[in-house]
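Each chain, letter by letter, is given below.
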Amino acid sequence: MRYALDALRRRPGRTALTSLGIGLATALVLILLAVSAGIQASAFRLATQSGVDLLGTSADTSLSNASSGLEFPPVSGAHALPTALERADPNVASASPWLVSSLVFANASLYRAVNASANGSAVPAGWAPADATSIGWIPDDNGGIEVPTILNGTSLSAPGDPHYANGTYDGPRTDEVVVDSALAQAIGLTPNSTVWVSLQSPSGPSQLSGWFAGAVSYRVVGVSGPFWFLPSALLGMFYLSELQSVVGGANASADYASLVLIHLTDSTHPGQDQTVLAAAFPSMTFITLGDVLGAVQQVVNLYRTFGVLVGLVGVLVATLFTATVLLMSVEDRTRELALLRVVGFSRAYVGGQVVEEGLCLSALGLLVGLPFGLAGAYLLNLFLAREVAGLPAGFSFVSFTPTVLLLGVLEVLAIGLVAALLPLARALRLPIAEELRAA
Amino acid sequence: MNDGATVELVEARRVFHAGAPDEVRALDGVTLAVRPGDYLSVEGPSGSGKTTLLNLLGLLDLPSSGELRWQGRPVPGLPERERTRLRLHGIGFIFQRFYLLPTLTALENVALPMRAAGVPASERTDRARDLLARVGVEGRSAAFPHQLSGGEEQRVAIARALANRPPLLLADEPTGELDSARASQVMDLIEEAHRRSGAAVVVVTHNPLVSRRADRHVAMRDGRLVPAGPRE
Amino acid sequence: MRPTPRAPRWGRRFRDLRHRTAQTILAVAAVGAAVALPVVLLSVGGGVFQHELATIRQSGFEISITTTADHGISDAHALSAEIDRIAGVAAASPILSVAVDLFAPGQGATPVLAEGIVPDAFLATQSAADRSLLPSSIALGDPADTVHYANGSYTGPESRELLLSTALAGTLGIANGSMATLAPTANASAGVGFTVEGTFGLPPSLLGPSALYVVLVPLSDLQTLTGYALGPSGQLLDSADTIQVSVNASLAADPSAIARIAHEIEPLVPYYSVSSQTQTAASLASAAAVLTGFYLGLSSVGLIVGFIFLTIILFRRVEQDRRSIGIRRAIGVSGWMIGRGIAAEALALTGAGLVAGMSGGILVVVLLARYGSSSVAAIARDAVFDPVTLGLLAVALGVLGLVAALLPTRRALALSIPEALR
Ligand SMILES: Nc1ncnc2c1ncn2[C@@H]1O[C@H](COP(=O)(O)OP(=O)(O)OP(=O)(O)O)[C@@H](O)[C@H]1O
Ligand SMILES: [Mg+2]
């Protein structure tokens, strides 16, 4: 050990540069590993936290279709589903039908501006309705499923879905909507503002008066925080039946939703519940969290192939690098090493010196690479978090799990060991030793 | 006080590791002038400072104190570029261990100083051939140094030292690694160069057969010049 | 240190490299690996970009109108007709894409993507390649979609005809002329029966052959089926996702004419976005530039390590050459010439590494294309090796090599000659 350290100390410049080289390569590999682990861990944690154990969609929907841009056709009989699902599988703790649709929102200022002139000529430049993703749900049914937190005002608080009234759609309308802070800011909404909502998207100011005539007005009851469930940053949340009536075609026979989110009492074996529910509801497909994460994984894998390529090149360069430096060191000390052999040290001992030196370089490289890797990963996370909108709180692109660190250490040790091979062979075939022995 | 000296030292000192416990005064107040036409031998025991003296005369090194002048100009004041130029055109070195470049052939070794001086390729090849012929190894011009005998190597080294027709030849134990027959051939070549071109020669040697050929003799002891011992 | 006895006359520099074989091979391999990385990433990234650009360029339309909202274009029929009247416009094709369920006779629900189109306009806005995948006339009963929909009302008879994508027809085994039910939900009783009029192929996507389940139906039929004809309160929606506009053939290659037409469309739809394919290509190019920067950032780590490596090797050579450098300096060889020698050595190493890296990188891409997993292979197949990019890479590497030679050269020139000769 002393011998190896001494060899490194004798050439401080070379040792420093080599450590820097190994360190940079190690940092690169660490960052790639940490990003891979981070995205996976964050996605998994969020998916688990969401409380959604199963997704119900219309029949034969497959995730591979979904990933190629096909949206899910809606599920019918939405209001009856929670009870039916809970009856079919006692392990279903709650089931919540969600209708997801893109709607157009406009505020009262725009309404007044449009009313002030017949053809919308009084609408100030830049004023336009905003598109927002809208969720219609039965607030009661979201038990155990994560929903956005209310920052200001209240949530939809009436029990059940009053307007639905057992399929008659003639119950009292609440006209309540909760908007997220991004939408609230975009068109200036606060609790108690009035907001007009329509499926139609006007092409310009001249269409606005017709648009307001066809739109439905709602009262904003609350403003919520961002909601990572949906990729859109602008959100509105309604009672299911009231959103159905905006979207159109709402009646007892076409009581539709986009999907059903299912929360299980015991979520350890979602596959069993999947089987039970699939048998009971042939017109629906049930997808487990694992399936969803698997589909996400497939997309991630493509990027990972290139990540692995990048990491491998880093490791390869570092290994060749270290091998060369060790080779130089062996050449420098040819006499010393030969003398050791002459004095009677074994080949194993002399070889051990070389391997030790390789490992020492690795350790130094790790020492340099760790801070570089941590700093690089931190910066990368900062950068990505700024670039990607609508991330949930606590989402981290990088994660230094013990596994990542262990892999990093193993990678560095492997570099040291593999790099020592060629110099080792050189050291064991020292010509001077051979000559002296022959003499 | 330039009285036509090519190179001269005045009270020159060269101290290694100054101030440290292992301080070495390799030169300790040496005054010496080498004039055109001089043939000077330097003797002295090992470690007395002969090589250090030659390094200063050859502008390879600078004195720690005292003066070193080339044709009257103080050398420490010259930029490195100028000293390089003076070495190229003014000085030919011959070393005890020959110091041929192992990756160059004999011909290329001889042509090297001319290449550095910007002599066109065809001319320098011709001149290198002439020089090799003059030192008697024209048959080995394509050989690499390790394919030459010691005597041949030193003759190639002499040819290289003469390449740019320098006014000063410095030889540090040029025969140290040669047997006496080869040693006298090598000394004949140096002497011939001295006579033909009038180049000043400074030769460091332990060998009385070598020093006998010189016109002037100095000896060194502990970094100082002392009167040369009795000639036999 | 000794050259082999039969050293061939290949120039001195090469001889210098030759008797340090192991070191040289390792150095070239390392520089090569560091170079191969950007070669692979840039060529693959550039290939994907080129592919997408080609897709944009080859599309049969020049301008598209979209909104951020799903199915967000309203008054699609009237708007298309109005755009059609603009001078220079050849066709304006509104398209509504909705996920619906299809029920073939005796089968369960199959989720499909229904594309509501105006057949004549649709055909006129397809590229030649895409058109060849369609039946020569899209026989959907009502070529201009003016029978069922007219003047803002949906009172005429529907045509109730559809075309199936070949993948879908193959799976379902439906013959032309048979009936299939389309329903907005998996509830067949809420559906409407359509006659299957034929099949059409889909162009292969970047990630391989398309096997999507798609049906083409008249726009007004799909609007009525999915509730995008009239709103809940009876107001006219006439929704679509996009309107694709093709210009007259004589103007198709004239960006300024296309821009002029786009400018004429804009005031008609201030709340929608009107983008010409040239704009789309430009924004794609800027996205590609960001990606290229990212790739270069990743690759730079490898290149920096290679650079450090080269510096060490050159330092080492200076050290091994102490004696030779000392002799040269003693003889009067100038510092400039010695620096030039070291720079030449650096360039020889980087040059060899460059050749190794480029060929290695190209080999990796070829291997990925042949043996990679399907999606990786598809991307690798599209890789382009752009001479300008690779040339710039070579120049950058040469500069790096020269910079790497700086410090070792300084070290060589700082050598004390007497000590080097001791
Ligand atoms: N670079 C140096 N660093 C330290 N000491 C040095 C250095 N160069 C020379 N010396 C010392 O200076 C003294 C004179 O050395 P020099 O080489 O001039 O002796 P020399 O007379 O040429 O001996 P030899 O006959 O053995 O060649 C010696 O003691 C030597 O160890
Ligand atoms: Mg000496």
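Just so it is clear, the model here is predicted, and its values are computed rather than measured.

1. Points about the interface of chain C and chain A
By a widespread convention, an interface's size corresponds to the accessible area lost as its parts come together.
Stage number 1. At the junction of the two partners, chain C supplies 63 residues and chain A supplies 64 residues.
Stage number 2. Each partner contributes to the roughly 5,100 Å² buried at the junction of chain C and chain A, and carbon and sulfur atoms together form 71% of this total.
Stage number 3. Together, C:Tyr271, C:Ile312 and C:Arg316 form the three largest contributors to the area buried by chain C at its contact with chain A, with a combined 14%.
Stage number 4. Applying the counting criterion to the chain C and chain A interface returns three salt bridges.
Stage number 5. A salt bridge links A:Arg11 to C:Glu319; the shortest N-O distance between them is 3.0 Å.
Stage number 6. Taken together, the connections running from chain C to chain A amount to 16 residue pairs in polar contact (both at pLDDT 80 or more).
Stage number 7. Broken down by secondary-structure element, the contributors of at least two residues to the side of chain C that touches chain A are α2 (21-58), β2 (89-103), β3 (109-117), α9 (277-320) and α12 (374-381) of chain C.
Stage number 8. Per-element tally for the side of chain C that touches chain A: the top contributor is α9(C), with 14 residues.
Stage number 9. Counted by class, the side of chain C that touches chain A contains 40 nonpolar, 18 polar and five charged residues.

2. Observations concerning the sheet that holds strand β4 (residues 65-70) of chain B
Residue and element names in this part refer to chain B.
Stage number 1. Pairing within the open sheet is antiparallel, and its four strands lie in the order β2-β1-β4-β5. For this open sheet the edge positions go to β2 (24-34) and β5 (73-74), each flanked by a neighbour on one side alone.
Stage number 2. Relative to β5, β4 runs antiparallel, the two being bridged by two bridges. Bridge pairing links Trp70 to Arg73 in β5.
Stage number 3. Where helix α1 (residues 50-57) meets the sheet, its contacts fall on β1 (7-16), β2 and β4, and the angle it forms with β2 comes to roughly 50°.

3. Details of empty space enclosed by the protein
Stage number 1. On inspection of all chains with the given rule, the structure shows five cavities of 30 Å³ or more.
Stage number 2. Empty space within the largest cavity amounts to approximately 90 Å³.
Stage number 3. Along the walls of the largest cavity sit B:Leu88, B:Ile91, B:Gly92, B:Phe93, B:Pro113, B:Arg160, B:Ala161, B:Asn164, B:Pro166, C:Ala330 and C:Ile331, which together make up its complete lining.
Stage number 4. Within the residue set of the lining of the largest cavity, elements represented by two or more residues are β6 (91-94) and α5 (150-162) of chain B together with α10 (322-331) of chain C.
Stage number 5. Across the lining of the largest cavity, the residue classes break down as eight nonpolar, two polar and one charged.
Stage number 6. In this structure, the second largest cavity spans a volume of roughly 70 Å³.

4. With respect to the nonpolar core
Stage number 1. B:Leu53, B:Leu57, B:Leu168, B:Val202 and C:Val35 are the most contacted members of the largest nonpolar core, which totals 112 residues.
Stage number 2. Ranked by the residues each element gives to this core, the list is headed by α2(C), at 15 residues.
Stage number 3. Counting residues in hydrophobic clusters, the runner-up holds 54 residues, among them A:Leu103, A:Val195, A:Ala257 and C:Leu162.

5. Things to note about the domain arrangement of chain C
Stage number 1. Looking at the assigned domains, one finds that chain C contains domain 1 (9-54 + 283-421) and domain 2 (68-271).
Stage number 2. For domain 1 of chain C versus domain 2 of chain C, the distance between C-alpha centres works out to 54 Å.

6. Quick word on the environment of B:Arg85
Stage number 1. Turning to its location among the elements, B:Arg85 is positioned in helix α2 (residues 80-90).
Stage number 2. Along the chain, B:Arg85 and B:Ala117 lie 32 residues apart, while their C-alpha atoms are 8.5 Å from each other.

7. Digging into the site of ligand 1
Stage number 1. Taken together, 16 residues surround ligand 1, and among them B:Ser46, B:Lys50, B:Thr51, B:Thr52 and C:Arg422 come closest.
Stage number 2. Backbone polar atom of B:Gly49 to an oxygen atom of ligand 1: 2.9 Å apart, as the coordinates give it.
Stage number 3. Coverage of ligand 1 by the protein amounts to 73% of the 630 Å² it exposes when considered alone.
Stage number 4. Of all the elements in the fold, those that place two or more residues in the shell around ligand 1 are β2 and α1 of chain B.
Stage number 5. It is α1(B) that provides the largest number of residues to the shell around ligand 1, a total of three residues.
Stage number 6. A class-by-class count of the residues in the shell around ligand 1 yields four nonpolar, eight polar and four charged.

8. Focus: the arrangement of the chains
Stage number 1. Where the two pairs of chains in contact are concerned, the greatest contact count is recorded for chains A and C.
Stage number 2. Between chain A and chain B there is no contact; the minimum C-alpha to C-alpha separation amounts to 19 Å.

9. What to know about unusual backbone geometry
Keep in mind that most residues, glycine aside, have a negative phi and that most peptide bonds are trans.
Stage number 1. Of note in the backbone geometry, B:Tyr99 takes a positive phi value of approximately 55° without being a glycine.
Stage number 2. On the secondary structure map, B:Tyr99 appears in the loop between β6 and α3 (106-116).
Stage number 3. Even without being a glycine, C:Asp145 presents a positive backbone phi close to 50°.
Stage number 4. Mapped onto the elements of the fold, C:Asp145 is located in the loop between α5 (128-131) and β4 (161-165).

Parameters at a glance
- Sequence order sets the numbering: in each chain, residues are counted from 1 along the sequence as written.
- Note on labels: chains are lettered from A, ligands numbered from 1, in written order.
- Local features in this predicted model are restricted to residues of pLDDT 70 or higher, and side-chain atom pairs are both shown and tallied only at a pLDDT of 80 or more, whereas totals for entire chains, interfaces and linings draw on every residue.
- Just so you know, side-chain values use all the structure's heavy atoms and leave hydrogens and water out.
- The contact definition used throughout considers only heavy atoms, calling two residues in contact when any of these lie within 4.5 Å.
- Summed over both partners, the accessible area (1.4 Å probe) lost when two parts come together is defined as the buried area.
- When a carboxyl oxygen of Asp or Glu is within 4 Å of a side-chain nitrogen of Lys or Arg, the pair counts as a salt bridge.
- Counting of polar contacts relies on pairs of N or O atoms within 3.5 Å, with two restrictions inside protein: one atom must be capable of donating a hydrogen and the other of accepting it, and residues adjacent in sequence are counted only when both atoms are side-chain atoms.
- The secondary structure listing takes helices from DSSP runs of H or I that are at least 4 residues long and strands from runs of E that are at least 2 residues long, numbered from the N terminus.
- Ten residue types, Ala, Val, Leu, Ile, Met, Phe, Trp, Tyr, Cys and Pro, are classed as nonpolar, four, Asp, Glu, Lys and Arg, as charged, and the remainder, Gly among them, as polar.
- DSSP bridges decide pairing: two strands pair if at least two such bridges lie between them.
- Fitted lines through C-alpha atoms serve as axes, helices being fitted only where they are in contact, and the angles separating the N-to-C directions of these axes extend from 0 to 180 degrees.
- Only protein atoms enter the 1 Å grid, on which a cavity is a set of points fitting a 1.4 Å probe that cannot get out and a pocket is an open set with protein on both sides within 12 Å along at least 5 of 7 lines, lining residues being those with an atom within 4 Å of a point.
- Grid points are joined across faces, edges and corners, and a volume is the space filled by probe spheres set on the points.
- Put simply, buried Ala, Val, Leu, Ile, Met, Phe, Trp, Tyr and Cys residues joined by side-chain atoms within 4.5 Å make one nonpolar core.
- A simple rule labels every residue: compare its accessible area, found with a 1.4 Å probe on the protein chains alone, to the largest value its type can have, and call it buried under 20%, exposed over 50%, or partly exposed in between.
- In this document the domain limits rely on a domain assignment from an automatic tool or a database.
- Each residue is tested against the molecule or strand, and it is near if at least one of its non-hydrogen atoms lies within 4 Å.
- Each accessible area value is a Shrake-Rupley result obtained with a 1.4 Å probe; residue values ignore everything except the protein chains displayed when judging cover.

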